[in-house]
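# Understanding the architecture of this molecule
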Amino acid sequence: MSEAQHSRPAPGTVCLQVRDLTVTLADTGAAIVKGVSFELRAGKVFALVGESGSGKSVTSLAAMRLLPDALRISGGSVDVAGQDLFGLSEARMQEVRGRRVAMIFQNAMSALNPVQTVGKQVAETLQLHTRLRGAALRERVVALFREVGIPDPEQRFDFFPHQLSGGQQQRVMIAMALACEPDVLIADEPTTALDVTIQLQVLNLIRELTRSRQLAVLLITHDMGVVKNTADEVAVMYRGELIERASVEDFFQHPQQAYSQRLIDALPDLTQFREAAAEAPLLELQEVKVHFPIRRGLLQRVVDYTRAVDGVSLTIGRGETYALVGESGSGKSTLGRAVLNLEAIAGGQIRFRGEAIEGLGRNAMLPYRKQIQVIFQNPFSSMNPRMTVGDIIAEGMISLGLGLSEEARRERIQALLQRVQLGAEHANRYPHEFSGGQLQRIAIARALAVDPELIICDEPTSALDVSIRAEVLELLAELQREFGVSYLFITHDLSIVPGLAHKVGVMQRGKLVEQGTAEQILTAPAHPYTQELLAAVPRL
Amino acid sequence: MFAYIVRRLLYAIPILIGVNLLTFTLFFVVNSPDDMAASQLGDKYVTPEAIANWKQKNGYDKPLFLNSQAAGVGQVTDTIFFDKSVRLFAFDFGRSESGRDITTDVATRMWPSLAVALPTFLVGIGVNICVALMVVMFRGTRLDRGAVFVFVALMSISYLFYIIGGQFLVAKTWRLVPISGFHTEGQVWKFLVLPVLVGVVAGIGAGARWYRTLFLEEANQDYVRTARAKGCSELSILFRHILPNALIPILTGVVVLIPSLFMGSLLIESFFGIPGLGSYMLDAINSQDFAIVRSMVFIGSILYIVGLLLTDISYTWADPRVRLS
Amino acid sequence: MKPVLLWSDALIFLLVISLALFFWRLRHDPQTRERWAEVFSSRLGMVAFTIIAAYILVALLDSLHFRRALENPESLATQEVFYDNKVSSVFDVLTGGMGDRFERTYSAPFALLSFEKENIKDASGRDIRDFPPLRHAGQHLAHPDERTADILVKSVSALLWGLLLCALVITPQWLLLRGSALPWAASWLTQGVILCAGAWTVSISHHYHILGTDQGGADVLYQSLKGIRTGVLLGTLATLVMLPIAVTLGVMAGYFKGWVDDVVQYLYTTLSSIPGILLIAASVLLFQVYIDLNPDFFAVGMEKADAKFIALCFILGVTSWSTLCRLIRAETLKISQLGYVQAAHAFGVSHSRILGRHVLPNVVHIILITFVLDFSALVLAEAVLSYIGVGVDPSMGSWGNMINGARSELSREPTIWWTLTGAFFFMFILVLAANLFSDLVRDAFDPRTSLRRAEA
């Protein structure tokens, strides 16, 4: 295994230097990355922060010469050990990739070859760059798996990617990247697709490996919490340019740019909470259960149920925000759908203003549809692309028979659009002309159009960039003050809870493991799972 | 897995019953046996006696579904539906309208069909994959665009012209092989070369274009970028990563056809005079022998259902993510 | 003159009008417009579309049927007007009676003499066996050797006429569209080529058989042109029959799920498990039996052929809906999970409204792609079906019938190649144009391909 080993660079030496990197669109020539320069040092994590479309991922791909065909490197250089990578032939470049500079990607599930065992995939890197073969090769891969913390590495060698959890997949990616002991590791949003508790573990692993192997790490992320926990140095990218660069301590204490300040402000302030609101209950859930049948055998009989929601009881008061927190698959969205009567419940009671609404038929439910509305996670799929914004907002008013004349409807649509800080003229446009943040405002306007008393917000901000997220949350809070509407706010992100919710419930595997006021949960969590979630929340 | 297969086989039963009912409706309800007799006998002999005679000779003189004159089980079994349709389930195809035993015919004629169809199928897939891989290697270049245009042009030529052109060039002008015919003794391959060649060439346009799309779809996946970041060469990415993944959709499209290879190809067999099931069907259509058509519909449906089952099973073999339950 | 409205004529005009209305309605939707602009922004798309449009125009002109009034013989002193038993179309008139110039049997392209020897009388009145001169080729020539020069002269003058025609057709378009960003020049060039070729064809065909004649002595070029209507009509009408079945069942299965889905899945699995060609053949044969038994049903022979043709379209449509149905079911399943359908449920929007406003408009791209794709497949299928003997009526001109009639003639010496060439050429151009166009339409409308481009 010696060939892969070479003398480790001394801490702090420059391992990769980017100078004046410029990337343009191949067909129009428009610049995506404009003259970016930075250097990566051994044993240090350099974080490149920015929102989607800022050019941070393009920068990292350009450094590896892995850009898609539509993009072109049109200037600058990337030096690794005195060699300009842009001057190398493709064959020489293949020797650099994986050997000197390695990369891990955002979504490990799709970044791994689905039909090859993970062991083979890691072994392939070693086969390409070393002479290890046979049993020695397998041994080395198993050792790598052990190093990145994969349990039972011998068995896991023969697993396919889909048989591993998300965190383990990302660990495999890291093992693959580290196999040939590269000097430089580029990590492109390595934790974005993971649940928060797993995120922390993976980041800690990267952090440890940086120290133990004296790696020079380029960490691409949009999450300031990740930066704060992991990085030594940080650079902010905005519309293709590096607008600020500083050590992590300096950056968080004295940001130079207003944009940087905004990014930092998106971090939660775990000292201020909302007081509990009035106690007149609007929505009461008692032991609500939603079960999905599992069918097996010759006749596809129902042998068991997936207990997506397994006996949840909670109460939401008028004008109150209840944050339902949990990781993916915890059943929180299913619960939201059950309240909307879009999912049949297997047991329990749902009371709205004291009246039982579970299991109502389509027509019996209609009066309640006016009062319970919903905002979905993905703004792009929650609007029919073939309808104008005006028609989209009008739909509920028409189908729920609000009895407005066409004129009155139009006025109401314009008023609503203005209320969510869009122009009245936007009513005639189509959804694809808007950004994600704008679409989410339209979704809010659509829900408000029928004067609801309760809005179920199913992760309404998780598809949005951090700075826009804050604006949407602020808008929701304003509307609550103005109209006295209640929210059931479903989220995986505990960090947005403080300024938002009066009460918090934590869900795990279909059960509500803990609930209480926001302050209780965030300052004195009782359940170990809540504690784990909280530990993963970045702090200022 | 076993339960899955059994369940699929059980599911095949209602489908076959549906096929049966549909063909029965087509052949006996839309057109009554009287109509068929009249049209089979031609204009001259259409007397009521002639029709009755014909019906009796061919076994169409019974009631459709329920025979109230018969006793006991005979009420159901002594009917046209039972005679002509239900018996198919026991693979009892009966006699054709010209009096031949259909089961024997099918058993002897399926082998020549297979002798042509199987090589065409295998060579075709091989050639198409190779051509598509070559084109994918040059993706995004002019060569790629040119190749796609050629594929589309090849697709736009009628199958008939491939056959006619092949016979004209290879057999007539160059005199390399006989134009048509089939003998089981001696050099069988001489009669097989041209039909197989024509079949393969005719399939290149559509096949290679489809495979190219599949390969390109895989080439845009994230794991290809990962492989590149490892330092894999483009060639090894193509063969070690893209090809195994693209095999999955290729399998779904292709495995379903395997059992149907027994049915042969109508056009190839009739042009090249191969005594297989394809030409058998064509002859039946031309002589309006509905007994044969009905039997072949049934056989074809069974083979298709077996193909679907094979497809599912091949999935588990090619794609570790799929488990049948 | 007495107009004749065949069923297929009515259907094709209905189809064209409804398509026009459909696109007229779509023009409001900016996304759709953008995608169409993408299709037409490539020169290839323009050329392919122009060719398809030309074929459709020919098909439409060939669908305006009438029967000529016969002049009453003088001995008959009634005022009653009698009509020719033969049905002509506007297209026949425009080609200048190309179809009326029959020979006895085969003749090669531009030939002056028949292909086969016959017993004829020579100048001195003796019976000899030789190639007889054609009735409608080179009659105006004083000597056979003048033929090449004559063709050249006539071609030049025909092309000049063609250019004049081009100027008439293209200038108004140029005036209207010159500011457009789309590559109209490519279309104009294609139009120019088609117009010139058309003018040349019509004028030369008065004096020669450009593609020779077939066994019955009919002009091959004329037959190839008549095949256009059959091909285009079959390609569109069969799809038109299939669409409502496939869309209704597919959308219902994907939206309502449960037992509706089970039933629809059962139906299309059953249908697709039957070998398609056998099902089609059997259905056509059964319809044939029906026609044979009811011969008095149709006034003229053409109506019988037309009824058979429409039946063929129906049979093709009814037997081929399973693929589209499957696609639409899958897409509807996907759409039903999307936020906007869920939101509509939360607003209490009725099922019919959700289907009409949310689901249907978002599966239109699949319908469109299938429509264009199936068109070329059906044109090709027609040839195969006619060969098998279950295609369009032999009295109705079609490429399949031409191939069927001529396939054995390649083995003759010298080879008779022109019938096949004529059918091949006209069929190939149409199918190629349709295939290229469908590729572009798919690239523009298939979200999978457009997504890939957006990511890059």
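Residues numbered from 1 in each chain as written. Chains lettered and ligands numbered in written order. Predicted model: local features only at pLDDT ≥ 70, side-chain atom pairs only at ≥ 80, totals over all residues. Heavy atoms only, no water.

## Considering the overall build of chain A
Along the backbone of chain A there are 19 helices and 20 strands. Principal-axis analysis of the C-alpha atoms places the extent of chain A at approximately 75 × 55 × 45 Å. Relative to its 540 residues, chain A shows a buried fraction of 56%. Here the contacts in chain A between residues at least 6 apart in sequence split such that 69% fall between residues at least 24 apart. Split by element, the accessible area of chain A, about 21,300 Å² in all, is 47% carbon and sulfur. (Helix = DSSP H or I, 4+ residues; strand = E, 2+ residues; numbered from the N terminus. Buried < 20%, exposed > 50% of the residue type's maximum accessible area, 1.4 Å probe, protein only. Contact = heavy atoms within 4.5 Å. Areas by Shrake-Rupley, 256 points an atom, 1.4 Å probe, with all protein chains shown as cover.)

## Structural notes on the overall build of chain B
Counting its secondary structure elements, chain B contains 14 helices and zero strands. In chain B, the succession of α and β elements from N to C terminus is α-α-α-α-α-α-α-α-α-α-α-α-α-α. At 25 Å, chain B has a C-alpha radius of gyration far larger than the 20 Å of a compact globule built from 325 residues. The principal-axis extent of the C-alpha atoms belonging to chain B is close to 80 × 55 × 35 Å. A burial count over chain B gives 52% of its 325 residues as buried. Put simply, 68% of the contacts in chain B that link residues at least 6 apart link residues at least 24 apart. Just so you have it, chain B exposes about 14,700 Å², and 66% of that area is on carbon and sulfur atoms. In chain B, 26 positive and 22 negative side-chain charges are present, and the distance between their average locations comes to 12 Å. (Rg over C-alpha atoms; globule rule 2.2 N^0.38 Å. Lys, Arg positive; Asp, Glu negative; His and termini not counted. Charge placed at Lys NZ, Arg CZ, Asp CG, Glu CD.)

## A few points about a nonpolar patch on the surface
Residue and element names in this part refer to chain B. A grouping of Leu 10, Ile 13, Ile 17, Leu 21, Phe 65 and Phe 89 is seen on the molecular surface, where their side chains present a nonpolar patch of about 510 Å² in accessible area. Mapping Phe 65 onto the fold places it in the loop between helix H3 (48-58) and helix H4 (74-77). A residue is classified by how much of its surface remains accessible, and Phe 65, at 43% relative accessible area, is partly exposed. (Patch = residues over 30% accessible without salt bridge, like charges linked within 9 Å, V, L, I, M, F, W, Y side chains within 5 Å. Salt bridge = Lys/Arg side-chain N within 4 Å of Asp/Glu carboxyl O.)

## Structural notes on helix H4 (residues 118-129) of chain A
Residues and elements named next belong to chain A. With twelve residues, H4 extends 18 Å from end C-alpha to end C-alpha; this agrees with the ideal 16 Å at 1.5 Å per step. Counting buried positions along H4 gives nine out of twelve residues, so the element sits mostly inside the fold. All of the buried residues in H4 are Val 118, Gly 119, Gln 121, Val 122, Ala 123, Glu 124, Thr 125, Leu 126 and His 129. (Expected span 1.5 Å × (residues − 1).)

## Digging into the interface of chain B and chain C
Contacts between the two partners involve 47 residues from chain B, matched on the other side by 48 residues from chain C. Of all residues in chain B, Ser156(B), Phe161(B) and Ile285(B) give up the largest surface area on contact with chain C, accounting jointly for 14% of the area buried on that side. Linking chain B to chain C there are one salt bridge. Two residues, Asp439(C) and Arg209(B), come together in a salt bridge whose shortest N-O distance is 2.4 Å. At the level of elements, helix H1 (2-30), helix H2 (33-41), helix H7 (142-155), helix H8 (159-173), helix H9 (188-219), helix H12 (266-272), helix H13 (277-286) and helix H14 (290-318) of chain B are the ones that each hand at least two residues to the side of chain B that touches chain C. Residue contributions to the side of chain B that touches chain C peak at nine residues, all from H14(B). In the side of chain B that touches chain C, the residues fall into 32 nonpolar, eleven polar and four charged. (Buried area = accessible area lost by both parts, 1.4 Å probe. Nonpolar A, V, L, I, M, F, W, Y, C, P; charged D, E, K, R; others polar.)

## Topic: helix H6 (residues 102-137) of chain B
Owing to its 3.6 residues per turn, the α-helix aligns residues three or four sequence positions apart on the same side. Here H6(B) contains 36 residues, and its C-alpha end-to-end distance of 50 Å stays within 8% of the 52 Å for a straight helix at 1.5 Å per residue. Approximately 30° is the largest bend angle found in H6(B), and it occurs at Leu114(B). (Bend = angle between axes of the 7 residues up to and from the residue.)

## Quick notes on the domain arrangement of chain B
Residues and elements named next belong to chain B. For chain B, the assigned domains read domain 1 (2-90) and domain 2 (107-318). Computed from C-alpha atoms alone, the centre-to-centre distance between domain 1 and domain 2 is 36 Å. Every contact between the two is made by 19 residues of domain 1 and, on the other side, 15 residues of domain 2. Taken over both partners, the interface formed by domain 1 and domain 2 buries close to 1,500 Å², and the fraction arising from carbon and sulfur atoms is 74%. There are one salt bridge connecting domain 1 and domain 2. Across the salt bridge formed by Asp 312 and Arg 8, the nearest N and O atoms sit 2.5 Å from each other. Between domain 1 and domain 2 we count two residue pairs in polar contact (both at pLDDT 80 or more) in total. The set of elements that each furnish at least two residues to the side of domain 1 that touches domain 2 consists of H1 and H2. Per-element accounting of the side of domain 1 that touches domain 2 gives the leading share, twelve residues, to H1. Class assignment of the residues belonging to the side of domain 1 that touches domain 2 gives a composition of 13 nonpolar, four polar and two charged. (Domains from an automatic or database assignment. Polar contact = N/O pair within 3.5 Å; in protein donor to acceptor, adjacent residues only side chain to side chain.)

## A closer look at the interface of chain C and chain A
Each side of the interface is counted separately: chain C has 27 residues, and chain A has 30 residues. Buried surface at the junction of chain C and chain A, summed over both partners, amounts to about 2,400 Å²; 54% is from carbon and sulfur atoms. Here chain C and chain A share zero salt bridges between them. Our count for the contact surface shared by chain C and chain A stands at twelve residue pairs in polar contact (both at pLDDT 80 or more). Where the side of chain C that touches chain A is concerned, the elements lending two or more residues are helix H2 (30-40), helix H12 (339-346) and helix H13 (351-388) of chain C.

## Description of the sheet that holds strand S9 (residues 233-238) of chain A
Residues and elements named next belong to chain A. The strand order across the open sheet formed by six strands is S6-S7-S8-S3-S9-S10, and the pairing between neighbours is mixed. In the strand order of this sheet, the two ends are held by strand S6 (101-104) and strand S10 (241-247), each with one partner. Each adjacent strand pair in this sheet contributes to an overall mean axis angle of 20°, direction not counted. By the bridge criterion, four bridges tie S6 to strand S7 (residues 184-188) in an arrangement that is parallel. (Pairing = 2+ DSSP bridges. Axes fitted to C-alpha atoms, helices over the stretch in contact; angles between N-to-C directions.)

## With respect to the nonpolar core
If you look at soluble globular proteins, the nonpolar side chains tend to sit buried side by side. In this structure, Met296(B), Val39(C), Phe309(C), Trp399(C), Phe437(C) and Val441(C) are the most contacted members of the largest nonpolar core, which totals 183 residues. The element contributing the most residues to this core is H13(C), with 19 residues. Taken domain by domain, the makeup of this core includes at least three residues from each of domain 1 (2-90) and domain 2 (107-318) of chain B. Ignoring sequence-local partners within four residues, the contact set of Phe309(C) consists of Ser8(C), Thr230(C), Leu233(C), Leu234(C), Leu237(C), Val392(C) and Met396(C). (Core = buried A, V, L, I, M, F, W, Y, C linked by side-chain atoms within 4.5 Å.)

## Quick notes on the confidence of the model for chain A
On average, residues of chain A carry a pLDDT of 88, and 97% of them reach 70 or more. Note that pLDDT drops below 50 for residues 1-5 of chain A; the model gives that stretch nine contacts with residues more than four away or on any other chain. (pLDDT = per-residue confidence, 0-100.)

## Looking at the pattern of salt bridges
Counted under the stated rule, the structure contains 48 salt bridges over all chains. The partner of Arg412(A) in a salt bridge is Asp451(A), with the nearest N and O atoms 3.6 Å apart. Placement of the pair is Arg412(A) in helix H15 (residues 406-419) and Asp451(A) in the loop between helix H16 (436-448) and strand S17 (454-458), with a sequence separation of 39 residues. Owing to a relative accessible area of 23%, Arg412(A) belongs among the partly exposed residues under this scheme. One salt bridge in this structure joins Lys334(C) and Glu331(C), with 3.3 Å as the shortest N-O distance. Of the two residues, Lys334(C) and Glu331(C) both sit in helix H11 (residues 322-337), three residues apart, roughly one turn of that helix. Among the charged side chains, a salt-bridge network with shared partners connects Glu39(A), Arg41(A), Glu233(A) and Arg245(A).

## Re the packing of aromatic side chains
All names here are of chain C. Throughout the structure, instances matching the rule amount to 21 aromatic pairs over all chains. With a centroid separation of 6.0 Å and 55° between ring planes, the pair formed by Phe 40 and Phe 437 is classed as tilted. Of this pair, Phe 40 sits in helix H2 while Phe 437 sits in helix H15 (residues 418-445), and the two are 397 residues apart along the sequence. Both residues of the pair, Phe 40 and Phe 437, count as buried. Each ring, one from Phe 115 and one from Trp 418, has its centre 5.8 Å from the other, and the planes form 75°; the classification is edge-to-face. One end of the pair, Phe 115, is in the loop between helix H4 (90-94) and strand S4 (118-121); the other, Trp 418, is in helix H15, and 303 residues separate them in sequence. (Phe/Tyr/Trp six-rings, centres within 6.5 Å; stacked < 30°, edge-to-face > 60°.)

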